[in-house]
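# Structural features, examined
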Amino acid sequence: MRIKSKDIDWGADVEQQFIRQASWTRAYRNQIYRQIGMIKARNLLEVGCGTGVITKELQEKTSAKITAIDFDKSMIDIAKDYVSDVRFLTENVEELSFKDKSFDFVVCHYFLLWISNPEKALSEIARVCKRDATIVALSEPDYGAWIEYPEMGLGKYHIEYLQKEGADPFIGRKILSLFESAGLETELSVVAQTWNQNLLKENIGEEWKRVLEAELITKKEFDEIIKKENKLIKKNQRMIFIPVFTAIGRKK
Ligand SMILES: C[S@@+](CC[C@H](N)C(=O)[O-])C[C@H]1O[C@@H](n2cnc3c(N)ncnc32)[C@H](O)[C@@H]1O
C-alpha cells in the first residue's frame with residue numbers, strides 16, 4: 001500500500017519498506033533489548049509504531065502489556081492487521097492522552113528524525129513514564145556522517161529527500177542532548193552500519209527509487225545509475241557506511 005499523509009510520502013509498499021529498514025539493525029536491537037532488560041517490562045509504550053514491525057518484535061521479547069501509538073490512522077490500520085493483542089491508538093506523541101507515570105518502558109524506532117518537535121515529544125514521553133522507567137530511541141541515523149565509495153551522491157540525495165519530507169537527517173548526533181534536556185539519564189551507543197555485497201544487491205535499487213520518487217533525478221539518470229551500481233556491486237567494489245545511534249534513558 002502507498003501511504004501519503006501528514007505531508008509525508010512513504011513510497012510504494014510501505015509495509016515492505018519498514019520491514020526492510022528494520023532488518024538492517026535487528027542484531028543490534030536484540031543486543032539493546034538484553035542490555036535494558038526488556039524481558040522484565042510490564043507496561044510498555046511504543047511511539048511512532050508505523051505498520052507494527054517493531055511492535056511485533058517487542059511482543060516476542062516481553063510479556064508486557066503493550067500500547068502502540070502513531071498519529072497516522074492509515075499506519076495504525078495496517079498495524080492492527082499485522083499484530084494482535086496490542087492496544088493501538090491514533091495519537092500524536094506531542095500530546096499523549098495517558099496519565100502521568102503510566103509506563104515502565106517506552107520504545108521508538110527510526111522515529112525521532114520524523115518528529116517536528118522532538119523536545120516536546122521527549123517531554124511528553126518523560127511525563128508518562130514512571131520513575132526509573134527506561135526510554136529507548138532505537139536506530140536514529142545520521143546522514144551527515146554517510147560515506148560512500150565511489151561517490152555517486154546517494155548520501156547527499158538522501159539528505160535532500162529527507163529534508164524535503166520534513167525529517168531531520170542529522171538527528172543521530174542530537175539524541176543524547178535531547179534526552180538529557182528532557183531530564184533523562186542517558187547512555188548513547190552506535191552501530192557502524194556497512195552494507196555487504198548481498199545487502200547492497202537487495203537494497204540499492206530501492207534506495208535510488210526513493211531519490212527518483214522525490215524527483216531529485218530523472219528516470220533516465222536512474223536507469224544509468226542502477227546500471228553503474230550493479231556493475232560495481234557485482235565486482236564487490238561498492239561501499240556505503242552510515243552510523244545509526246541509539247539512546248537509552250532512565251527517568252530520574
Ligand atoms: C519511519 S516511520 C517508523 C515506523 C516504525 N517505528 C518502524 O520502525 O517501522 C515513522 C513513523 O512515525 C510516525 N509519526 C511521525 N510523527 C509523529 C507524531 N508526532 N506522533 C506520532 N507518530 C508520528 C509516522 O506516522 C510514521 O509511522
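Remember, predicted model here, so these are calculated numbers, not experimental data.

### Examining the overall build of the chain
Scanning the chain for helices and strands turns up 9 helices and 10 strands. For 252 residues, the compact-globule estimate of 2.2 N^0.38 gives 18 Å, and the C-alpha radius of gyration of the chain, at 18 Å, lies within 12% of that figure. With the principal axes as the frame, the chain shows a C-alpha extent of 55 × 35 × 30 Å. Residue burial in the chain is summarised as follows: out of 252 residues, 37% are buried. Summarising the internal contacts of the chain: among those between residues at least 6 apart in sequence, 72% fall at separations of at least 24.

### Details of the site of the ligand
Lining the immediate environment of the ligand, one finds 19 residues, of which Phe-18, Gly-48, Gly-50, Phe-71 and Asp-72 sit closest. Partitioning the shell around the ligand into residue classes produces 12 nonpolar, 4 polar and 3 charged.

### Considering the environment of Val-211
Turning to its location among the elements, Val-211 is positioned in helix H8 (residues 197-213). On the basis of neighbour count, Val-211 is assigned to the buried category, with 20 C-beta atoms found within 10 Å. Sequence-wise, Val-211 and Ala-27 are 184 residues apart; in three dimensions their C-alpha atoms are separated by 27 Å. In this structure, Val-211 is in contact with Tyr-157, Tyr-161, Leu-216 and Ile-217, ignoring residues within four places of it in sequence.

### A closer look at the environment of Asp-142
As for its placement among the helices and strands, Asp-142 is situated in the loop between strand E7 (129-141) and strand E8 (147-149). Overall, the presence of 20 C-beta atoms within 10 Å leaves Asp-142 in the buried class. For the pair Asp-142 and Thr-67, spaced 75 residues apart in sequence, the C-alpha to C-alpha distance is 28 Å.

### With respect to the confidence of the model for the chain
For the chain, the average pLDDT comes to 94, and 95% of its residues sit at 70 or higher. Of the regions scoring below 50 in pLDDT, residues 1-5 engages in 13 contacts with residues more than four places distant in sequence or in other chains.

### Things to note about the packing of H8 against helix H9 (residues 219-234)
Orientation of H8 relative to H9, taken along the N-to-C sense of each, is 170 degrees, at an axis distance of 10 Å. The angle between H8 and H9 falls in the class roughly antiparallel. Touching Gln-197, Leu-200, Lys-201, Ile-204, Gly-205, Trp-208 and Leu-212 of H8 are Lys-219, Phe-222, Ile-225, Ile-226, Glu-229 and Ile-233, all from H9. Partitioning the contact of H8 with H9 into residue classes produces 8 nonpolar, 2 polar and 3 charged.

### Looking at the nonpolar core
One finds Val-106 and Ile-125 to be the most contacted residues of the largest nonpolar core, which totals 64 residues. In this structure Val-106 touches Leu-45, Val-47, Ile-125, Cys-129, Ala-133 and Ile-135, once residues within four positions along its chain are discounted.

### Focus: H8
Here H8 spans 24 Å end to end across 17 residues, near enough to the 24 Å set by a 1.5 Å rise per residue. The axis of H8 is deflected most strongly, by about 45 degrees, at Asn-203. Of the surrounding elements, those touching the buried residues of H8 are helix H6 (154-164) and H9. After H8 finishes, the residue Glu-215 shows a positive phi value of roughly 60 degrees.

### Examining helix H3 (residues 53-61)
Three or more residues of H3 are buried, namely Val-53, Ile-54, Thr-55 and Leu-58. Buried residues belonging to H3 abut helix H1 (14-23), strand E3 (43-47), strand E4 (65-70), helix H4 (73-82) and strand E6 (103-109).

### What about the pairing of E6?
The buried count for E6 comes to 6 of 7 residues, which makes it a mostly enclosed element. Two elements, E3 and E6, share 3 bridges in a ladder whose sense is parallel. Paired with Leu-45 across the two strands is Val-106, which belongs to E6. Of the pairings in the sheet, the one linking E6 to E7 comprises 6 bridges and is parallel in character. Within the sheet, the bridge partner assigned to Val-106 lies in E7 and is Ile-135. For the crossover from E6 across helix H5 (residues 118-127) to E7, the handedness is right-handed.

### A closer look at unusual backbone geometry
Residue Tyr-149 is joined to Pro-150 through a cis peptide bond whose omega torsion reads -5 degrees. The topology assignment puts Pro-150 in the loop between E8 and H6. Here Ser-139, not a glycine, exhibits a phi torsion of approximately 55 degrees, which is positive. Among the secondary structure elements, Ser-139 is positioned in strand E7. By C-beta crowding, Ser-139 is classed as buried, having 24 other C-beta atoms within 10 Å. The phi dihedral of Glu-215 is positive, around 60 degrees, even though this residue is not glycine. Along the chain, the position of Glu-215 falls in the loop between H8 and H9.

Conventions used here
- Residues numbered from 1 in each chain as written.
- Predicted model: local features only at pLDDT ≥ 70, side-chain atom pairs only at ≥ 80, totals over all residues.
- Helix = DSSP H or I, 4+ residues; strand = E, 2+ residues; numbered from the N terminus.
- Rg over C-alpha atoms; globule rule 2.2 N^0.38 Å.
- Buried ≥ 20, exposed ≤ 12 C-beta atoms within 10 Å, placed from the backbone.
- Contact = placed C-beta atoms within 7 Å.
- Near = placed C-beta within 6 Å.
- Nonpolar A, V, L, I, M, F, W, Y, C, P; charged D, E, K, R; others polar.
- pLDDT = per-residue confidence, 0-100.
- Axes fitted to C-alpha atoms, helices over the stretch in contact; angles between N-to-C directions.
- Parallel < 35°, antiparallel > 145°, perpendicular 65-115°, else oblique.
- Core = buried A, V, L, I, M, F, W, Y, C linked by C-beta atoms within 7 Å.
- Expected span 1.5 Å × (residues − 1).
- Bend = angle between axes of the 7 residues up to and from the residue.
- Pairing = 2+ DSSP bridges.
- Right-handed = clockwise from strand over helix to strand, strands pointing away.

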